[in-house]
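Breakdown of the fold
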Amino acid sequence: MILLQVLADIRVPRSGGGRVRTRPDAVLTDRAYGSRGNCDYLRLRGIRAVIPEKKDQIATRKKRGSKGGRPPAFDAGAYRNRNVVERSFAYVKQWRGLATRYDKLAITYRAAVVISAMLTWLRR
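Residues numbered from 1 in each chain as written. Predicted model: local features only at pLDDT ≥ 70, side-chain atom pairs only at ≥ 80, totals over all residues. Heavy atoms only, no water.

In the nomenclature of an unreviewed UniProt entry, the protein corresponds to Transposase DDE domain-containing protein from the organism Brevibacterium metallidurans.

1. Digging into the overall build of the protein
Definition in use: Secondary structure counts use DSSP, requiring at least four H or I residues in a row for a helix and at least two E residues in a row for a strand, with both numbered from the N terminus. Our radius of gyration looks at C-alpha atoms and nothing else; its globule reference is 2.2 Å times the residue count to the power 0.38. What makes two residues a contact is simply this: any of their non-hydrogen atoms within 4.5 Å.
Counting secondary structure elements, the protein contains seven helices and two strands. Of the regular secondary structure in the protein, the N- to C-terminal order runs α-β-α-β-α-α-α-α-α. Relative to a compact globule of 124 residues, whose C-alpha radius of gyration would be 14 Å, the protein shows 18 Å and is clearly more extended. If you line up the protein on its principal axes, its C-alpha atoms span 55 × 40 × 30 Å. Looking at the protein alone, contacts between residues at least 24 apart form 32% of all its contacts between residues at least 6 apart.

2. So, the pattern of salt bridges
Side-chain pairing between opposite charges can occur once the charged atoms of the two side chains come close. Stated precisely, the cut-off is as follows: By salt bridge we mean one thing: a side-chain nitrogen of Lys or Arg within 4 Å of a carboxyl oxygen of Asp or Glu. Type-normalised accessible area, obtained with a 1.4 Å probe on protein chains alone, sets the label of each residue: buried when under 20%, exposed when over 50%, and partly exposed for intermediate values.
Applying the stated rule across the entire model yields five salt bridges. R48 serves as the salt-bridge partner of D75, at 3.3 Å between the closest nitrogen and oxygen. Residue D75 is found in the loop between helix 3 (55-63) and helix 4 (76-80), and its partner R48 is found in strand 2 (residues 48-50); the two are separated by 27 residues along the sequence. What makes D75 partly exposed here is its relative accessible area of 35%. Judged by its relative accessible area of 42%, R48 is partly exposed. Across the pair E86 and R82 runs a salt bridge, and its minimum N-O distance is 2.8 Å. Residue class for E86 comes out partly exposed when judged on its relative accessible area of 40%.

3. Some words on the environment of V27
By the secondary structure assignment, V27 is in strand 1 (residues 26-28). A C-alpha to C-alpha distance of 9.7 Å links V27 and L3, two positions 24 residues apart in sequence. Excluding residues within four positions of it along the chain, V27 makes contact with L3, L7, L42, I47, R48, A49 and V50.

4. Digging into the UniProt feature "domain: Transposase DDE" (unreviewed entry) in the protein
The line we're drawing: UniProt positions are given in the numbering used here, feature names are shortened, and annotations may be inferred rather than shown by experiment.
The feature "domain: Transposase DDE" (unreviewed entry), as given by UniProt, occupies residues 27-123 in the numbering adopted here. Split by type, residues 27-123 is 60% helix and 5% strand. Its first and last C-alpha atoms lie 27 Å apart.

5. Digging into a nonpolar patch on the surface
Quick reminder of the rule: Put simply, a patch holds well-exposed residues, over 30% relative accessible area, that have no salt bridge, with like charges counted together within 9 Å and Val, Leu, Ile, Met, Phe, Trp or Tyr side chains within 5 Å. We get accessible surface area from the Shrake-Rupley algorithm with a probe of 1.4 Å; when it comes to residues, only the shown protein chains can shield them.
On the surface, a nonpolar cluster with roughly 740 Å² of combined accessible area is contributed by W95, V114, I115, M118, L119, W121 and L122. With respect to the helices, strands and loops of the structure, I115 is situated in helix 7 (residues 106-123). For I115, a relative accessible area of 40% puts it in the partly exposed group.

6. A look at helix 2 (residues 36-45)
The condition is simple: To be clear, the arc concerns the directions from the helix axis to the C-beta atoms.
Restricting attention to buried positions, one finds in helix 2 the residues N38, C39 and L42. For helix 2, the arc enclosing every buried residue in end-on projection is 95 degrees, short of the 170-degree limit, so these residues lie on one face. Exposed residues lying more than 90 degrees from the buried face of helix 2 are R36 and L44. Against the buried residues of helix 2 lie helix 1 (2-8), strand 1 and strand 2.

Right, here's the structure in full:
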């Protein structure tokens, strides 16, 4: 459910003009988002899912033998780049107000996240 909300909020403007992009090329997530519903939604929208398989799903597939099907495609090279996002969250959590979520309104919290991202970008 959370993944669907995040994907609904994606708006990437095009450099030469035109309609904004609302569909990413790929989604890199951890095992927690590897549910069948999330993967089906991504496949329906034509988004490549880079999600490692859960250990219980691997065991179930192997237990079924040839009826278990092939394992889903997984790009380990692309998954390694996920650490960039994790480090970005670590930078954001250094701001005490964001880490503890003191803001009561979502709009105020989002503004703090944007300001934090701008400050991080300007430092680099």
